[in-house]
Amino acid sequence: IEFVSGFFSFFSEFKTVIFYLIVLLAGLIRVVNVKQVLLAGVIGGCLVLFALVWTQIKGQYRSFLNGGTRQQVTTVSQDAALNKLYDLSNNVDEESLNSSVYQLLDRLQYTYHFARTIGRVPSVIPFQKGKNWTDNIQFVTTPRFLNPNKPTFDATEKAKKYTGLRYAGRRSGASFSLGYFAECYIDFGSWGMMFPLFLIGLMYGLAYWYLLRNSSNNYIFNYAVVGAFFMEFNAFEMDGTLLIGRFLATFVTFVFLIKVAFPMIITYISEPQPVKR
């Protein structure tokens, strides 16, 4: 159900189900044998074919979802969306799949943005000396009513500026992020970027420590909470503004759940302990 309903999302949420299934299935393997290798090959081949088909049709499908508004929204019913998805999939032929190979590989090698950035900074654009990350933090922490001139978030503008590539942006219903690794490099250079990346890792580590120790007195439940929390932060290409904003909003939400909701959930799902006499 989660996999099918993921197609109704503009951002391909069905991928999360695939990633989790791969991890879970790999965790069940005790001994590698020929049968398992063949099965993995078949599953891998099916996933590659699925990825090529999706790469070919996703542009048309997303245009249908947003109703031509060029926004990252869904304006049609779920039945209409799934019917359109079925029709587009049936129209994919061998020639279309061949053209999808390059698009898929280009999408997977997201370090290309980083490489383009290194080629332009500092030879064309000087190091920003912390300006990008200062702007990221100010954007996230400053309410719009305090700053009426606060711009609308559009990660593509940053990607276009530092890579020199022309990408469709928010007005076209698309978004291309530079990635927070590249932003660290732009601000501080090859060696200096390690310090903000260390701070991001420290931020993640402290959040992990807090959630694992404070979510409940049940460590299985706590690990589930940790997994749910960090599911938002697994993308190398995530924009720095989005990273800071999502982290703060998600952490505040989970602290609220720990204080209010989790105690009731634990009480509900726990097996009553026998009364000692």
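Structure: see above.
A. Expanded view of the pattern of salt bridges. Per the counting criterion, the structure on display carries five salt bridges. Of the charged contacts, one joins Lys160 and Glu157 as a salt bridge, the two residues approaching to 3.3 Å between their closest N and O atoms. Of the two residues, Lys160 and Glu157 both sit in helix H8 (residues 155-163), three residues apart, roughly one turn of that helix. The class of Glu157 is partly exposed, set by a relative accessible area of 42%. Between Arg246 and Glu232 there is a salt bridge, with the nearest N and O atoms lying 3.0 Å from each other. Taken together, the residues span a long stretch of sequence, with Arg246 in helix H12 (residues 240-269) and Glu232 in the loop between helix H11 (219-230) and H12 at a distance of 14 residues. For Glu232, a relative accessible area of 29% translates into the label partly exposed. Beyond isolated ion pairs, a larger network of salt bridges with shared partners links Lys158, Glu183 and Asp239.

B. Structural view of the nonpolar core. Core analysis: the biggest nonpolar cluster contains 35 residues, and Leu211, Phe229, Phe233 and Leu243 have the highest contact counts within it. Not counting chain neighbours up to four residues away, the residues in contact with Phe229 comprise Ala207, Leu211, Phe247, Thr250, Phe251 and Phe254. Counting residues in each nonpolar core, the second largest holds 15 residues, with Phe7, Leu52, Val53 and Leu88 among its members.

C. Structural detail: the packing of helix H7 (residues 131-141) against helix H9 (residues 180-192). It is the contact of H7 with H9, at a shortest axis distance of 7 Å, that shows an interaxial angle of 125 degrees. Considering their axes alone, H7 and H9 lie oblique with respect to each other. Judged by residue contacts, Lys131, Asn132, Trp133 and Asn136 of H7 engage Tyr180, Glu183, Cys184, Ile186, Asp187 and Phe188 from H9. Here the residues of the contact of H7 with H9 sort into five nonpolar, two polar and three charged.

Reading the values: rules and limits
- Residues numbered from 1 in each chain as written.
- Predicted model: local features only at pLDDT ≥ 70, side-chain atom pairs only at ≥ 80, totals over all residues.
- Heavy atoms only, no water.
- Salt bridge = Lys/Arg side-chain N within 4 Å of Asp/Glu carboxyl O.
- Helix = DSSP H or I, 4+ residues; strand = E, 2+ residues; numbered from the N terminus.
- Buried < 20%, exposed > 50% of the residue type's maximum accessible area, 1.4 Å probe, protein only.
- Core = buried A, V, L, I, M, F, W, Y, C linked by side-chain atoms within 4.5 Å.
- Contact = heavy atoms within 4.5 Å.
- Axes fitted to C-alpha atoms, helices over the stretch in contact; angles between N-to-C directions.
- Parallel < 35°, antiparallel > 145°, perpendicular 65-115°, else oblique.
- Nonpolar A, V, L, I, M, F, W, Y, C, P; charged D, E, K, R; others polar.

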